[in-house]
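# Results of the structural survey
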Amino acid sequence: MKKIAPAFLGCTVFLAACSAQQCDPNQADLFTGVGCSVGDGYQDRTDLLKKKYAEAKLNEGQQQKQALTAQQQAITAQKAVAQRRAELMQVDNKAWQLRKRVTQAQNSKKTLSRELKAEKAKLDQFDKVRAHTSSTNPSEKELNALTSILGGL
């Protein structure tokens, strides 16, 4: 028995050294499992996975922070766009009001122009009738004609 123990121990150390590289319990066979158990293969794998997990958590935290920053920037940009749209709407409203005033002024000008033409026509008619009216002794008919032309001014 004493001879078997050192031989078994030697084989176990040999197997542990050979299998320490792949200590994945999902892919381990009998010899690999024994080698990983005897050596520090499982512990090394556990430590490596813990390190990767910590790195992944840190990376996740950084990505969440970046996502939050991007979301805040998007909100700020949306607010700026909304503000610019509101400003544009105000400018458009002012332009609309100006167009309305211009149209009203043009209509008013047309009305005044028609009124001016009508008044000029009255004056022309008045001047024609007045030219034939006696300055020293106008008749009542002549005075009535002149008054009716002026429309009771």
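Model, not experiment: these values are computed from the prediction.

A few words on the overall build of the protein chain. Within the protein chain, the secondary structure is distributed over four helices and zero strands. For the protein chain, the α and β elements follow one another from N to C terminus as α-α-α-α. Sequence separation of at least 24 residues holds for 11% of the intrachain contacts in the protein chain that already meet a minimum separation of 6. Of the roughly 13300 Å² of accessible surface on the protein chain, 58% is carried by carbon and sulfur atoms.

Now for the packing of helix α3 (residues 41-131) against helix α4 (residues 140-150). Two elements in contact, α3 and α4, have axes whose closest approach is 9 Å; the angle formed by their N-to-C orientations is 170 degrees. Viewed along their axes, α3 and α4 adopt a mutual orientation that is roughly antiparallel. Along its contact with α3, which presents Lys122, Gln125, Phe126, Val129 and Arg130, the element α4 presents Ala145, Leu146, Ile149 and Leu150. Taken together, the residues of the contact of α3 with α4 sort by class into six nonpolar, one polar and two charged.

By secondary structure assignment, the location of threonine 133 is in the loop between α3 and α4. Relative accessible area serves as the criterion here: at 8%, threonine 133 is assigned to the buried category. Within the structure, the side chain of threonine 133 is placed 2.8 Å from the backbone oxygen of valine 129, a separation counted as a polar contact. Residue contacts for threonine 133: discarding those within four places in its chain leaves Pro138, Glu142 and Leu146.

This brings us to the confidence of the model for the protein chain. Mean pLDDT over the protein chain: 81, with 73% of residues reaching 70 or higher. Ranking the elements of the protein chain by mean pLDDT puts helix α1 (residues 4-19) last, at 52, and α3 first, at 92. Below a pLDDT of 50 lies the segment residues 15-20, which in the model reaches nine contacts outside its immediate sequence neighbourhood of four places, other chains included.

Now for the pattern of salt bridges. Inspection of the entire model under this criterion finds three salt bridges. The residue glutamate 60 makes a salt bridge to lysine 57 at a minimum N-O spacing of 3.7 Å. Of this pair, glutamate 60 and lysine 57 both sit in helix α3, three residues apart, which is roughly one turn of the helix. The exposure class assigned to glutamate 60 is partly exposed, which follows from its relative accessible area of 36%. Take lysine 57: its relative accessible area is 43%, and that puts it in the partly exposed class. The partner of lysine 122 in a salt bridge is glutamate 119, and the shortest N-O contact between them spans 3.8 Å. One end of the pair is lysine 122 and the other is glutamate 119, both in helix α3 and three residues apart, which spans about a single turn. For lysine 122, a relative accessible area of 32% gives the class partly exposed. According to the relative accessible area criterion, glutamate 119 is partly exposed, its value standing at 39%.

Mapping serine 148 onto the fold places it in helix α4. Given the relative accessible area of 55%, serine 148 is considered exposed. Between the alpha carbons of serine 148 and phenylalanine 126 there is a distance of 9.4 Å; along the sequence they are 22 residues apart. A distance of 3.1 Å separates the side chain of serine 148 from the backbone oxygen of alanine 145, its partner in a polar contact.

Rules of the game
- Position labels on residues start from 1 in each chain and follow its written sequence.
- Only residues with pLDDT of at least 70 get local features here, since the model is predicted, and only at 80 or more are side-chain atom pairs given and counted; chain-wide, interface and lining totals rely on the full set of residues.
- Here the side-chain values reflect all heavy atoms present in the structure, with hydrogen atoms and water set aside.
- Numbering of helices and strands runs from the N terminus; a helix is a DSSP stretch of H or I covering at least four residues, while a strand is a stretch of E covering at least two.
- Contacts are assigned to residue pairs with any non-hydrogen atoms lying within 4.5 Å of each other.
- Note on areas: Shrake-Rupley, 1.4 Å probe, and residue coverage restricted to the protein chains presented here.
- Lines fitted to C-alpha atoms define the axes here, with helix axes fitted over just the stretch in contact, and angles between the N-to-C directions of these axes take values from 0 to 180 degrees.
- Angles below 35 degrees are treated as roughly parallel, those above 145 as roughly antiparallel, those between 65 and 115 as roughly perpendicular, and all remaining angles as oblique.
- In this classification, Asp, Glu, Lys and Arg are treated as charged, Ala, Val, Leu, Ile, Met, Phe, Trp, Tyr, Cys and Pro as nonpolar, and every other residue, Gly included, as polar.
- Burial status follows relative accessibility: with a 1.4 Å probe on protein chains alone, a residue under 20% of its type maximum counts as buried, one over 50% as exposed, and anything between as partly exposed.
- Throughout this description, a polar contact denotes any pair of N or O atoms lying within 3.5 Å of each other; where both atoms belong to protein, one of them has to be capable of donating a hydrogen while the other can accept it, and for residues adjacent in sequence the pair is counted only when both atoms sit in side chains.
- Confidence of the prediction at every residue is given by pLDDT, a number between 0 and 100.
- The salt bridge definition used is simple: a Lys or Arg side-chain nitrogen within 4 Å of an Asp or Glu carboxyl oxygen.

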